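Observations on chain architecture
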Amino acid sequence: MTECFTKLKELIENVVLADIEDQIDEVFEQITKDKNGKEKYQDELNDLYEMKNEFNEILNDIANKELSQDECKELYEEIFEMMSSDDEDENN
């Protein structure tokens, strides 16, 4: 496995999926506080689960060697940029 694939895999497993799980937990906390919360937050939960599935598919592509080097670099850069912009949003 090349360095790009290793870095992308670690980024997804250790950061991205952990963040998604944290967001899912936060939504469930909101649901428990709000009696009608499940309906209110259903779209957000669906989006989070869809994102989680997409990242798991990328991990499968890495494991099955179905991802090209160019795709790997592009995905890594996109995820890194996404995380950087989220950090900037949180700081503002």
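Residues numbered from 1 in each chain as written. Predicted model: local features only at pLDDT ≥ 70, side-chain atom pairs only at ≥ 80, totals over all residues. Heavy atoms only, no water.

A few words now on the overall build of the protein. Per the secondary structure count, the protein includes three helices and zero strands. Written out in order from the N terminus, the α and β elements of the protein read α-α-α. Seen along its three principal axes, the alpha-carbon backbone of the protein occupies a region of about 50 × 35 × 15 Å. Among the 92 residues that make up the protein, the fraction classed as buried is 24%. Considering only residue pairs separated by 6 or more positions, the protein has 71% of its internal contacts joining residues 24 or more positions apart. Only carbon and sulfur atoms are counted for the fraction: they give 43% of the accessible area of the protein, which is about 6,800 Å². (Helix = DSSP H or I, 4+ residues; strand = E, 2+ residues; numbered from the N terminus. Buried < 20%, exposed > 50% of the residue type's maximum accessible area, 1.4 Å probe, protein only. Contact = heavy atoms within 4.5 Å. Areas by Shrake-Rupley, 256 points an atom, 1.4 Å probe, with all protein chains shown as cover.)

On inspection of all chains with the given rule, the structure shows one disulfide. Linked covalently through their sulfurs, Cys 4 and Cys 72 form a disulfide whose S-S length is 2.3 Å. With the S-S bond torsion at -115°, the cross-link from Cys 4 to Cys 72 turns out left-handed. Of the two residues, Cys 4 is situated in helix H1 (residues 3–33) and Cys 72 in helix H3 (residues 69–91); the sequence distance between them amounts to 68 residues. (Disulfide = S-S within 2.5 Å.)

This paragraph deals with the environment of Asp 70. Assignment of secondary structure puts Asp 70 in helix H3. For Asp 70, a relative accessible area of 61% gives the class exposed. Along the chain, Asp 70 and Cys 4 lie 66 residues apart, while their C-alpha atoms are 9.4 Å from each other.

As a further point, take the nonpolar core. Counting residues in hydrophobic clusters, the biggest one holds 21 residues, and the most contacted among them are Leu 8, Ile 12, Ile 20, Phe 55, Ile 58, Leu 67 and Ile 79. Secondary structure elements with two or more residues in this core: H1, helix H2 (37–63) and H3. The element best represented in this core is H1, accounting for 11 residues. (Core = buried A, V, L, I, M, F, W, Y, C linked by side-chain atoms within 4.5 Å.)

Turning our attention to the confidence of the model for the protein. Residues with a pLDDT of 70 or more make up 92% of the protein, whose mean pLDDT is 90. Element-level pLDDT for the protein is lowest in H3, with a mean of 86, against a maximum mean of 94 in H1. (pLDDT = per-residue confidence, 0-100.)

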